[in-house]
Amino acid sequence: MSLDISKIRQDFPILNQSIYGKPLAYFDNGATTQKPQVVLDTINHFHNSINANIHRGVHKLSEESTKAYEEARETVRSFINAKKSSEIIFTSGATASINLVAFSFGETFVHEGDEVIVSEMEHHSNIVPWQMLCERKKAILKVLPFDNNGELILSKLDELITPKTRILAVTHVSNTLGTVNPIKEIIAKAHQHNVPVLIDGAQGVKHGVIDVQDLDVDFYAIAGHKVYGSTGIGVLYGKENLLNEMYPWQGGGDMIATVSFEKTTYNELPFKFEAGTANFIGAAGLATALEYYKSIGVEAATDYETELLNYATSKLKAIEGVRIIGNAKHKAAIISFLIENIHPYDTGMILDKMGIAVRTGNHCTQPIMAHYGIDGTVRASFAFYNTFEEIDRLVEGVKKVKEMFG
Amino acid sequence: MTLNEVQDRIVEDFSMFDDWMDRYQQLIELGKDLPPIDEKKRTESYLIKGCQSKVWLDAELKDGKIYFTADSDAIITKGIVALLIQVLNQRTPKEILDVDLYFIDKIGLKENLSPTRSNGLVAMVKQMRMFALAYQTKLNS
């Protein structure tokens, strides 16, 4: 099924604007995606007509608000094909989801001398929480390396996993290199050694259908704003048996069953991990975003984004002096590059003036920069509302940058 | 020339360019022309961290005036560094502490000196003033 991109673009009011007199070409979707009107409508309607705190009140609005929140949970469950909606925990974002697991799983299962494995291509959000855990527990952090193409060296995994390994944390899609990791294979390998796996799905959730049961993944972290929802809402999927065993993360309202000064008992899943007033409006917005994404067609959108990626890759490669960082065989619509020795910041500044929004810098992946011995890259990341014409403008922009700094 | 005369001259120079592209081209030329800082000073202790582009800065006091040397790894940043040096070099600490750097805004490069830009320039201006303050204290003691 082919997509009607000009029609889709009308769903995203922000795209229809000029930046320094040039039409906006938004290529920073890896940082955050734009929101379709339906998501904005949901959020607006919620504030205007339903807003009331959830799980508490007896009154009509509270009931409606709670219903919308729990329906959102069900929408997320169905989107990633989780077995039960109690396995869907709303968080503030992918970072919070990972921190939750690093703390709660860590408190319960990680002890002195134990080992945690992350990959070399992780976002800082999937490194630092594990480092903090290892410091707290006197555990050891081990690193699964990648090769110069940007592909994980899976053969090393067997060496890295020992009887002391408690968990493996790997990203689904590298936010810098675009690599789509073979997570099903990685999970199967880890499970052979009874090691549970957390997948950082911040980028992965907008790249193809996610089926957590098929993947047999233990934890999957999602950022709502990277999949057309608003900021401040995220999801942690976790297997029920693990979540049940895990110590709570934050304490507060909603996560308790009974409280006395002598002893507090905790609520059941998923509420045990949702202390305080949840971002219920963000959750409703995320549900609308996922429904919208489904209505576009997750596979069709992914196929189209891959076409954009292939087009951009071949056009950029054709320019002398352009070096693509990350050449994995299977990539999501993320392309990192450098032009000769031109500083990424300089490139980004000039492209900005041409109305082209890219990200520059180390993309919160300093170990990847260290791997390649560079300070940063220019990154263009696409969504299904981008066009081939916009990529032509990026290519023209790159040529202009080369001319100006060369 | 007084400090503000230098600022006015820069504003006049840049007023010739209608197009932002030409203004940036001019900055790039300035950046390329600024002599690089002594390799020995391209170190952590002279570095002003700006997240994306790095700026190195040093200042010396001679005959009551401050002499700045600075560099950056990004050319646009370096071009603005060159302009700041044109304005602030060989001035007294008091002049540097009192100055209103209006030229940046007038030549349409305000966004480069906005605190939300992670290019190290805001921190650089702050550091230049810190040098001025330190040397003024030294002169007065």
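Residues numbered from 1 in each chain as written. Chains lettered and ligands numbered in written order. Predicted model: local features only at pLDDT ≥ 70, side-chain atom pairs only at ≥ 80, totals over all residues.

Engineer: Is there a simple way to think about the overall build of chain B in this case?
Structural biologist: Assigned secondary structure in chain B consists of six helices and three strands. Going residue by residue from the N terminus, the α and β elements of chain B occur as α-α-β-β-β-α-α-α-α. Computed over the C-alpha atoms, the radius of gyration of chain B is 15 Å, within 12% of the 14 Å expected from 2.2 N^0.38 for a compact globule of 141 residues. Across its three principal directions, the C-alpha atoms of chain B cover 50 × 35 × 25 Å. Counting all 141 residues of chain B, 36% fall into the buried class. Excluding contacts between residues fewer than 6 apart, the proportion of contacts in chain B whose partners are at least 24 apart in sequence is 67%. (Helix = DSSP H or I, 4+ residues; strand = E, 2+ residues; numbered from the N terminus. Rg over C-alpha atoms; globule rule 2.2 N^0.38 Å. Buried ≥ 20, exposed ≤ 12 C-beta atoms within 10 Å, placed from the backbone. Contact = placed C-beta atoms within 7 Å.)

Engineer: When you look at the sheet that holds strand β17 (residues 377-381) of chain A in this model, what are you seeing that I'm missing?
Structural biologist: To summarise the sheet geometry, strands pair through backbone hydrogen bonds and adopt either a parallel or an antiparallel arrangement. All names here are of chain A. If you trace the four strands from one edge of the open sheet to the other, you get β13-β14-β17-β16, paired in antiparallel fashion. The two strands at the open ends of the sheet, each matched to only one other strand, are β13 (322-325) and β16 (359-361). Strand-to-strand twist in this sheet, taken as the mean axis angle between neighbours without regard to direction, amounts to 30°. Here β16 runs beside β17; their pairing, made up of three bridges, is antiparallel. Each residue of the ladder has a partner; that of Gly 361, found in β17, is Thr 377. (Pairing = 2+ DSSP bridges. Axes fitted to C-alpha atoms, helices over the stretch in contact; angles between N-to-C directions.)

Engineer: Help me understand helix α7 (residues 183-192) of chain A, please; the structure alone is not making it clear to me.
Structural biologist: Owing to its 3.6 residues per turn, the α-helix aligns residues three or four sequence positions apart on the same side. Residues and elements named next belong to chain A. Looking at α7, one finds that the buried residues are Ile 183, Ile 186, Ile 187 and Ala 190. All buried residues of α7 project into a common sector of 100° when viewed along the axis, lining one side. The outward face of α7, more than 90 degrees from its buried face, is lined by the exposed residues Glu 185 and Gln 192. Of the surrounding secondary structure, the elements contacted by the buried residues of α7 are β7 (165-171), β8 (197-200) and α8 (212-215). Looking one or two places after α7, you find Asn 194, whose phi comes out positive at around 60°. (Arc of directions from axis to C-beta.)

Engineer: I'm lost on the domain arrangement of chain A in this one. Help?
Structural biologist: By convention, interface size is frequently given as the accessible area that disappears when the constituent parts associate. All names here are of chain A. Partitioning chain A into domains gives domain 1 (5-30 + 297-405) and domain 2 (40-294). Computed over C-alpha atoms only, the centres of domain 1 and domain 2 are separated by 28 Å. Taken together, the contact pairs 23 residues of domain 1 with 22 residues of domain 2. Those elements that place two or more of their residues in the side of domain 1 that touches domain 2 are α11 (298-317), β14 (334-339), α13 (366-372) and β17. (Domains from an automatic or database assignment.)

Engineer: Looking at this structure, I do not really get unusual backbone geometry. What am I missing?
Structural biologist: Negative phi characterises most residues that are not glycine, and trans characterises most peptide bonds. At the junction of Leu269(A) and Pro270(A), the peptide bond is cis and its omega measures out at -5° in the coordinates. Structurally, Pro270(A) can be placed in the loop between β12 (264-266) and α10 (280-296). Non-glycine residue Cys364(A) carries a positive phi angle of around 55°. Within the secondary structure, Cys364(A) sits in the loop between β16 and α13. A positive phi angle, close to 60°, is found at Gln90(B), a residue other than glycine.

Engineer: Teacher, can you tell me more about the sheet that holds strand β1 (residues 47-48) of chain B here?
Structural biologist: Residue and element names in this part refer to chain B. Ordered by their spatial adjacency, three strands build an open sheet running β1-β2-β3, and the pairing between neighbours is antiparallel. On the outer flanks of this sheet lie β1 and β3 (65-72), each paired with one strand and no other. Of the strand pairs in this sheet, strand β2 (residues 55-62) and β3 are connected by eight bridges, and their pairing is antiparallel. Residue Lys 62 lies in a different strand from β3, and its bridge partner there is Lys 65. Each of β2 and β3 touches helix α3 (residues 75-88); the most contacted strand, β3, lies at about 175° to it.

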